[in-house]
Amino acid sequence: MTDRAARDVVEIYTDGACSGNPGPGGWGAVLGYGGRTREIYGGEAPRTTNNRMELMAAIQALEVLTRPSVVRLHTDSSYLRNGVASWLAGWKRNGWMTAGKQPVKNADLWRRLDAAAARHDVHWLWVRGHAGNPGNERADALANKGMTEAIAKERGARTP
């Protein structure tokens, strides 16, 4: 890969977190391009799942890109990676039903992810979580920050 080609690739690390499953959750993403880094995160309360937060991290990261890009998206989520690489095409072909004729869980987010990814040339890469990879560790910290803020916001909303 030439230096210019390497600069033109957007490197993204994503992660999701959940306190309880379901429970309050958060997502985080680190985007790197041309020597610059951008961090984004958010959360949901009171009840979401870790899988929904993993999907949301990837969705938000891809949706924040302002033009079609070559993307290397790193995730520690087997659910996200397997969904994109192995299951998504079949779900779409089967009208968002699984091979067992059950509705696909999180179909709303899978559809949104599919639309967001369609704008880009995305290379989906699995990384081992909590193994010292700086991008993955930072995405994890952002996901936890989003979860913590969602919990705090929910508690504030319940205070008279």
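Worth saying up front: this structure is predicted, and the values here are computed from it rather than measured. In this numbering scheme, every chain counts its residues from 1 along its sequence in written order. Where local features are concerned, this predicted model is filtered to residues with pLDDT of at least 70; where side-chain atom pairs are given and counted, the filter is 80 or more; whole-chain, interface and lining totals use all residues. Values shown for side chains rest on all heavy atoms present in the structure; no hydrogens or waters enter the calculation.

**Examining the nonpolar core**
Turning to step 1, where the next piece is worked out: Counting residues in hydrophobic clusters, the biggest one holds 31 residues, and the most contacted among them are Ile12, Leu62, Val71, Leu73, Trp110, Leu113 and Trp124.
Turning to step 2, where the next piece is worked out: For the purposes of this entry, the term helix denotes a DSSP run of H or I that reaches at least four residues, the term strand denotes a run of E that reaches at least two, and both are numbered from the N terminus. Put simply, the parts of the chain that give this core at least two residues each are strand S1 (9-18), strand S2 (23-33), helix H2 (50-64), strand S4 (70-75), helix H3 (78-93), helix H4 (107-118) and strand S5 (121-126).
Turning to step 3, where the next piece is worked out: Tallying contributions element by element places H2 first for this core, with eight residues.
Turning to step 4, where the next piece is worked out: Here, two residues are considered to be in contact whenever any of their heavy atoms come within 4.5 Å of each other. The contact partners of Trp110, leaving out residues within four places of it in the chain, are Leu55, Tyr79, Leu80, Gly83, Val84, Leu88, Trp91, Trp96, Val104 and Lys105. Think of a nonpolar core as a cluster: buried Ala, Val, Leu, Ile, Met, Phe, Trp, Tyr and Cys residues, connected wherever their side-chain atoms sit within 4.5 Å. The cut-offs for exposure are 20% and 50% of the maximum accessible area for each residue type, with area from a 1.4 Å probe on protein chains only; residues under the lower value are buried, those over the upper are exposed, and the others partly exposed.

**Focus on the side chain of Asn136**
Turning to step 1, where the next piece is worked out: Looking at where Asn136 falls in the secondary structure, it is placed in helix H5 (residues 134-158).
Turning to step 2, where the next piece is worked out: Ignoring any residue separated from it by four or fewer positions in sequence, one finds Asn136 in contact with Tyr13, Thr14, Asp15, Asp76, Val127, Arg128, Gly129 and His130.

**Looking at H3**
Turning to step 1, where the next piece is worked out: By definition here, a helix of n residues has an expected span of 1.5 Å times n minus one. Look at H3: 22 Å from first C-alpha to last across 16 residues, which is about the 22 Å you get at 1.5 Å a residue.
Turning to step 2, where the next piece is worked out: Here the bend at a residue means the angle between the axes of two seven-residue stretches, the one that ends at it and the one that starts at it. At Trp87, H3 shows its maximal bend, which comes to roughly 60°.
Turning to step 3, where the next piece is worked out: Those residues of H3 that sit buried are Tyr79, Leu80, Gly83, Leu88, Gly90 and Trp91.
Turning to step 4, where the next piece is worked out: On its buried face, H3 is in contact with S1, H2, S4, H4 and S5.
Turning to step 5, where the next piece is worked out: One or two steps after H3, the chain reaches Gly95, where phi turns positive at roughly 65°.

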